[in-house]
Amino acid sequence: MPSMAEQMADQLGGWRGLVESSIPVVVFVVANILGELRPAVIASVTVALLIAGLRLAQRRPVRHAVNGLFGVAIGAAIAWRSGEARDFYLPGILYGIGYGFALLISAAVRQPLVGWIWSVLVAGGKSQWRQDPKLVRTFTWLTVLWGVVWLAKVGVQAGLYLAQQDTALGVARLALGYPPYVLLLLITVWTVRRATGEEPERVPTG
């Protein structure tokens, strides 16, 4: 089984992936504060395209860059059409609400989504955990944790969206993006390794 560090690096695209996925949003937030909406949209999409193109030219995996570009493009198109900067963040808010409720519903029907994601991403498609009551309980409470955290952070963003706090919404999008995700992923890998009797590995800090 891959180490904890390898699993986290793969899912996050490494530290470079973390930075690259955040840059277009940072560009949009700053450009929108300093100028107007449409130049900010153009700048963020251009930066996202440049990042994807650079990865392609370097023959590096482009999955994370393409995912980021797709999300930026949808938000940019909605904001461009509506003329409202806050609409740039609307797709992420709607996705977060749907994902959070999907997690909680899956836990309620004893088909914890975190367990199935673990099967696909870590266990090579194997789902023996379904026959282990301890692991079913572990994945169930982990799924509830993910769902609650996801709905909490998207709730903050939704509140700022409704209050038309464009700049604060951009800052919240960045602050509540990868940091909670990294923490949840760390907790998940650590907990499952403990539940399966494996010694958790330390994630390198430097």
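Note that the structure is predicted; figures quoted are calculated from it, not measured. (Residues numbered from 1 in each chain as written. Predicted model: local features only at pLDDT ≥ 70, side-chain atom pairs only at ≥ 80, totals over all residues. Heavy atoms only, no water.)

**Thoughts on the overall build of the chain**
Working step 1: Check the secondary structure of the chain and you find nine helices and zero strands.
Working step 2: Along its sequence from the N terminus, the chain presents helices and strands in the succession α-α-α-α-α-α-α-α-α.
Working step 3: For the chain, the proportion of its 206 residues judged to be buried stands at 38%.
Working step 4: In the chain, once contacts between residues fewer than 6 apart in sequence are set aside, the share between residues at least 24 apart is 69%.
Working step 5: Element-wise, carbon and sulfur atoms account for 66% of the exposed surface of the chain, whose accessible area totals about 11,300 Å². (Helix = DSSP H or I, 4+ residues; strand = E, 2+ residues; numbered from the N terminus. Buried < 20%, exposed > 50% of the residue type's maximum accessible area, 1.4 Å probe, protein only. Contact = heavy atoms within 4.5 Å. Areas by Shrake-Rupley, 256 points an atom, 1.4 Å probe, with all protein chains shown as cover.)

**Looking at the packing of helix 7 (residues 133-162) against helix 9 (residues 178-195)**
Working step 1: Close contact between helix 7 and helix 9 brings their axes to 10 Å; oriented N to C, the two are set at 170°. Our classification of the angle between helix 7 and helix 9 gives roughly antiparallel. Contacts between helix 7 and helix 9 involve K134, L135, T138, F139, W141, L142, L145, W146, V149 and W150 from the first element and P180, Y181, L184, L185, I187, T188, T191, V192 and A195 from the second.
Working step 2: Looking at the contact of helix 7 with helix 9 residue by residue, the class counts come to 15 nonpolar, three polar and one charged. (Axes fitted to C-alpha atoms, helices over the stretch in contact; angles between N-to-C directions. Parallel < 35°, antiparallel > 145°, perpendicular 65-115°, else oblique. Nonpolar A, V, L, I, M, F, W, Y, C, P; charged D, E, K, R; others polar.)

**Side note on helix 3 (residues 37-57)**
Working step 1: In this model, helix 3 (21 residues) spans 30 Å end to end at C-alpha, consistent with the 30 Å of a helix rising 1.5 Å per residue.
Working step 2: Where helix 3 ends, the next residue or the one after it, R59, has phi of about 55°, a positive value. (Expected span 1.5 Å × (residues − 1).)

**Focus: the nonpolar core**
Working step 1: F28, L37, V41, F88 and Y89 are the most contacted members of the largest nonpolar core, which has 19 residues in total.
Working step 2: Only helix 2 (14-34), helix 3, helix 4 (63-82) and helix 7 provide two or more residues apiece to this core.
Working step 3: Considering each element in turn, this core owes the most residues, five residues, to helix 3.
Working step 4: L37 has contacts with F28, N32, A79, G83, E84 and A85, leaving out every residue within four places of it along the chain. (Core = buried A, V, L, I, M, F, W, Y, C linked by side-chain atoms within 4.5 Å.)

**Structural notes on helix 9**
Working step 1: Taking 1.5 Å per residue as the helical rise, helix 9 with its 18 residues ought to reach 26 Å, and the 25 Å between its terminal C-alpha atoms agrees with that figure.
Working step 2: When helix 9 is considered as a whole, its buried residues turn out to be P180, Y181, L184, L185, T188, V189, T191, V192, R193 and A195.
Working step 3: The positive-phi residue at the C-terminal boundary of helix 9 is G197, with phi of around 80°.

**A look at the environment of E84**
Working step 1: Secondary-structure assignment places E84 in the loop between helix 4 and helix 5 (90-108).
Working step 2: Separated by 47 residues in sequence, E84 and L37 place their C-alpha atoms 7.5 Å apart.
Working step 3: When residues no more than four places from it in sequence are discounted, the contact partners of E84 are L37 and A79.

**Thoughts on the packing of helix 7 against helix 8 (residues 166-175)**
Working step 1: Relative orientation of the contacting elements helix 7 and helix 8 amounts to 165°, with a least axis distance of 9 Å. Viewed along their axes, helix 7 and helix 8 adopt a mutual orientation that is roughly antiparallel. For the pair helix 7 and helix 8, the sense of crossing is left-handed. Facing helix 7, whose interface residues are Q157, L160 and Y161, helix 8 presents A168, L169, A172 and R173.
Working step 2: Looking at the contact of helix 7 with helix 8 residue by residue, the classes come out as five nonpolar, one polar and one charged. (Left-handed = near helix turned anticlockwise from the far one by under 90°.)

**Digging into the packing of aromatic side chains**
Working step 1: For the structure on display, the rule yields ten aromatic pairs.
Working step 2: Ring centres of F28 and F88 lie 3.9 Å apart, and the angle between their planes is 10°; this geometry places the pair in the stacked category. One end of the pair, F28, is in helix 2; the other, F88, is in the loop between helix 4 and helix 5, with 60 residues separating them in the sequence. Each member of the pair, F28 as well as F88, is classed as buried.
Working step 3: For F88, a relative accessible area of 3% puts it in the buried group.
Working step 4: Between R86 and the ring centre of Y161, over which it is positioned, the NZ or CZ distance is 4.5 Å.
Working step 5: Above the plane of the ring of W150 lies K153, whose end atom (NZ or CZ) is 3.8 Å from the centre. (Phe/Tyr/Trp six-rings, centres within 6.5 Å; stacked < 30°, edge-to-face > 60°. Lys NZ or Arg CZ within 6 Å of the ring centre and 35° of its normal.)

Function-wise, these values are silent; they only describe arrangement.
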